[in-house]
Amino acid sequence: MNEEMVGFAAGFIFIIVISFVFKTLLRKKKMRNDIRSGNYDERQILARGRACMAAYYVLLIFLTVIFLLDETGVTHLFMSSGGIWFGVCVSIAIFVIICVLKDAYTGLNDNLFTYIVITGLVGVFNICIGVSKIIENVPMIIDGKLSSELLNLESGVLLVIVCPFMIVKYILNKKAETE
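None of the values given here were measured: they were computed from a predicted structure.

Asks: Just to check I follow, could you spell out the packing of aromatic side chains for this structure?
Replies: Think of a pair of aromatic rings as described by two things: how far the centres are apart, and how the planes are tilted against each other in angle. All told, the structure shown has six aromatic pairs when counted by the stated rule. Arranged with centres 5.8 Å apart and planes meeting at 35 degrees, the rings of Phe78 and Phe86 form a pair that is tilted. Classification of Phe78 by relative accessible area gives partly exposed; the value is 21%. Among the aromatic residues, ring-to-ring pairing joins Phe62, Phe78 and Phe86 into one connected group.

Take a look at the structure:
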């Protein structure tokens, strides 16, 4: 196993552990405040289902197109982990944006501001990692295919694109509360 794979595995495990610790701390805090998280009404559940369906179809169409492009020899650019992850990022962005616009991203008692902060910070962090790889002249296209080195940049851009939708929805919700 090469050094890059060990680093990737260590980073992945680190993210899972940090996520688990963060979620545990949030649950303990919410239990103290008697706030139940993750409660969705029927309208939100329906909107989440439709958003999931839209994201699934976008990913399905994306994968079909890149497989056809690969088979016809037009381009092999997306036939790699970086290329397929690009389609997954687009699909996730569509899911999140639809859920945010339909007020179905957070539960009934959840605060969208927390999600905005986490999304923004993780997005900027991933973009910084991606830019540092570009500055270090790490190849982003290897053998005509998108490299896995693009994953941080793709994920960061996804989160930065989603963040303004969350901010606008948060502002609109605050205005609706005051009226």
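Continuing now.
Asks: I keep staring at a nonpolar patch on the surface and nothing clicks. Help me out?
Replies: On the surface, Phe8, Phe12, Ile13, Ile16, Val17, Phe20, Val21 and Leu25 cluster together to form a nonpolar patch covering roughly 840 Å² of accessible area. With respect to the element layout, Ile13 can be found in helix H1 (residues 3-32). Classification of Ile13 as exposed rests on a relative accessible area of 54%.

Asks: Explain the side chain of Asp70 to me, please; I cannot follow it from the model alone.
Replies: By secondary structure assignment, the location of Asp70 is in helix H2 (residues 42-72). Here Asp70 sits buried without a salt bridge, and the closest side chain of opposite charge, Lys145, lies 5.9 Å off (N-O distance). Sequence-distant contacts of Asp70, that is, excluding residues within four places in its chain, are made with Thr75, His76 and Met79.

What counts, and at which threshold
Residues numbered from 1 in each chain as written. Predicted model: local features only at pLDDT ≥ 70, side-chain atom pairs only at ≥ 80, totals over all residues. Heavy atoms only, no water. Phe/Tyr/Trp six-rings, centres within 6.5 Å; stacked < 30°, edge-to-face > 60°. Buried < 20%, exposed > 50% of the residue type's maximum accessible area, 1.4 Å probe, protein only. Patch = residues over 30% accessible without salt bridge, like charges linked within 9 Å, V, L, I, M, F, W, Y side chains within 5 Å. Areas by Shrake-Rupley, 256 points an atom, 1.4 Å probe, with all protein chains shown as cover. Salt bridge = Lys/Arg side-chain N within 4 Å of Asp/Glu carboxyl O. Helix = DSSP H or I, 4+ residues; strand = E, 2+ residues; numbered from the N terminus. Lys, Arg positive; Asp, Glu negative; His and termini not counted. Contact = heavy atoms within 4.5 Å.

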